[in-house]
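Each chain is listed here by its residues.
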Amino acid sequence: HLFLLNWTTKPFRMRKFLHIALLLSIALSAHGQKRPYVAPAEEDVRANIAQWQDLKFGMFIHWGTYSQLGVIESWTICPELTEWEYKGRPEGMTYMEYLRFYEHLKDTFNPIHFDPDKWAEAAEYAGMKYVVFTTKHHDGFNMFDTNLTDYKVTDEGCPFHSNPRSNIAKEVFNSFRAKGLKAGAYFSIADWHNNDYWWKFFSPKDRYINYDPARWPEKMTSFEDYVESQVRELTNGDYGKIDLMWLDLCEISETYEIHFPWGRIAAAAREGQPGMITVARGTHSAYENYLTSELKIPTEVWNCPWEACMPMTQSWSYNRQPKYKSTQTLLNMLVQVVSRGGNFLLNVGPDPLGILDDEVYARLRGIGDWMKVNSEGIYGTKPVAPHHVGNVYFTAKDEYVYAFYAADDGDNNIPDKIFIGDVVPQGSYVTMLGSNVRLKWKKGSDGVYVNIPESLRKIAPCDYVFCLKIKV
Ligand code: GLC
């Protein structure tokens, strides 16, 4: 009876409930694991997500005043006792002394070699199709010309302010757009400089706000307004076309996250950028337009839009003792991610002067050389069963299946036979991208083997990951 009453007396609420239930699509992976993906209702947002899914490969850039210390971006001021957060503070320095010292990194940030055209050129060569740049990290320092605080690169107190390219985020977006890449703004919701986030009346406790928003609701409201205003600044056209906003550390507090006005924030952004993708990470809301896998390459297909982000070294921001992943490792990651339906967002961290290590350029060149031969099996593809057999990863486009044979790390040889399981070619031969040689195949009792003649093995069309193109 109560249920009926609900139907009749609260039709609007019920309709809304049904609407939400319809939108809530639980993404099932190939192995049946549930993921909380909520598809957005707006047609233009959906269309942009679909387009973005075809791009497959992007560049992530972490850069801020913290790059001067070579510490883990922002985290050294977070009073949590985890492995990385307190590192960087000299013995004997109190927390408050360190916080003050850290905030004064603004006074010395002067990246005179900042040249985003050079970064964009290397990204384009690598085959990257979008960039995500840290406009503001958790420390609250703005790498753009916000009007809402002087804790920014364009403030008089920051030596770089007099440089003609001081509005760093704007310059980055312009340079990458000029090379045909889409522009994404990383923006941290947590803001450890804002007095309505870490209220200076108390000391900060952890990554979350340090007051009870139920008791001091006006502080929370003021913080929400701040976020909305900054998002408006970044999306009102001054920074050109922004294709996506990557909103990090959205939790606010362990319990408050669900109340944060994501709808309002997204609406503000989309006023200036219709249909823009919002990635309110971890909110499981219709504003988390794709899911993210941080530092991990998922081992299975995710049947929803998603992205794996991965630093080239062991940290997101500039590191003084970097351990670079090899080009081969990065290519293996790329094909694994794409075969599982995701995009790969590969991170680099410029140094305090704005320079990217030579190792970064070498890897981007290596990936680019590989992409020149193999990108056909990457862009615009979809995952396809059996997804992978051993170290052969599959993608599909039109009437073709692409089988990427990923040699083991350190090995750069093509074997004389590549096993592609139950992918049965619809023709007498298959080819390898970058070569015209017709490859014979045979069906054995366990599946299909493609024969690679010695002539091809000797002069391989590329390095590390070799792609068979199979008509099916
Ligand atoms: C985490 C970290 C942050 C980093 C991000 C990149 O959220 O808190 O420092 O920017 O991962 O994915």
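Participant: Let's hear about the pattern of salt bridges: which residues, and what values?
Facilitator: Applying the stated criterion to the full structure yields 21 salt bridges. A salt bridge links R281 to D248, with the shortest nitrogen-to-oxygen separation between them at 2.8 Å. Residue R281 is located in the loop between β7 (277-280) and β8 (291-294), and its partner D248 is located in strand β6 (residues 244-248); the two are separated by 33 residues in the primary sequence. For R281, a relative accessible area of 13% puts it in the buried group. Here the salt bridges do not stand alone but share partners, grouping E224, D225, E228, R232, R264 and E271 into one network.

Participant: Mind laying out the confidence of the model for the protein, listing which residues take part and the relevant values?
Facilitator: For the protein, per-residue confidence averages 92 on the pLDDT scale, and residues scoring 70 or more make up 92% of the total. Note that pLDDT drops below 50 for residues 1-23; the model gives that stretch 9 contacts with residues more than four away or on any other chain.

Participant: Kindly report on the site of the ligand, identifying the contributing residues and their values.
Facilitator: In the vicinity of the ligand lie 13 residues, with H62, E73, H137, D248 and E294 positioned nearest. Residue H137 places a side-chain N or O atom 2.9 Å away from an oxygen atom belonging to the ligand. Looking at the shell around the ligand residue by residue, the class counts come to 6 nonpolar, 3 polar and 4 charged.

Participant: Pulling in residues and values, what's your account of the packing of aromatic side chains?
Facilitator: Applying the stated criterion to the full structure yields 32 aromatic pairs. A centroid spacing of 5.6 Å and a plane angle of 65° characterise the contact between F60 and W316, whose relative ring orientation is edge-to-face. In this pair, F60 is assigned in strand β3 (residues 57-61) and W316 in the loop between β9 (306-311) and α9 (327-339), connecting sequence segments 256 residues apart. Of the two residues examined, F60 and W316, each falls in the buried class. Judged by centre distance (5.7 Å) and plane angle (45°), the rings of Y98 and F101 are tilted. Taken together, the positions of Y98 and F101, both in helix α4 (residues 95-103) and 3 residues apart, correspond to about one turn of that helix.

Participant: Before we move on, can you summarise unusual backbone geometry with the specific residues and values?
Facilitator: Both trends apply: most residues other than glycine have a negative phi, and most peptide bonds are in trans. The omega torsion of the bond from A385 to P386 falls at 10°, within 30 degrees of zero and hence cis. When you line up the elements, P386 lands in strand β11 (residues 382-389). Non-glycine residue H284 carries a positive phi angle of around 50°. Among the secondary structure elements, H284 is positioned in the loop between β7 and β8.

Participant: Could you give an account of the packing of helix α5 (residues 116-126) against helix α6 (residues 168-178), naming the residues involved and the relevant values?
Facilitator: The angle between the axes and the distance between the axes are what describe a pair of packed helices. The contact between α5 and α6 brings their axes to 8 Å, and the two run at 40°. On the basis of the axis angle, α5 is oblique to α6. When you trace α5 past α6, the crossing you get is right-handed. Residues P116, D117, W119, A120 and A123 of α5 form the contact with α6, whose own contacting residues are E171, V172, S175 and F176. The residue makeup of the contact of α5 with α6, split by class, is 6 nonpolar, 1 polar and 2 charged.

Each value, and the rule that gives it
Residues numbered from 1 in each chain as written. Predicted model: local features only at pLDDT ≥ 70, side-chain atom pairs only at ≥ 80, totals over all residues. Heavy atoms only, no water. Salt bridge = Lys/Arg side-chain N within 4 Å of Asp/Glu carboxyl O. Helix = DSSP H or I, 4+ residues; strand = E, 2+ residues; numbered from the N terminus. Buried < 20%, exposed > 50% of the residue type's maximum accessible area, 1.4 Å probe, protein only. pLDDT = per-residue confidence, 0-100. Contact = heavy atoms within 4.5 Å. Near = heavy atom within 4 Å. Polar contact = N/O pair within 3.5 Å; in protein donor to acceptor, adjacent residues only side chain to side chain. Nonpolar A, V, L, I, M, F, W, Y, C, P; charged D, E, K, R; others polar. Phe/Tyr/Trp six-rings, centres within 6.5 Å; stacked < 30°, edge-to-face > 60°. Axes fitted to C-alpha atoms, helices over the stretch in contact; angles between N-to-C directions. Parallel < 35°, antiparallel > 145°, perpendicular 65-115°, else oblique. Left-handed = near helix turned anticlockwise from the far one by under 90°.

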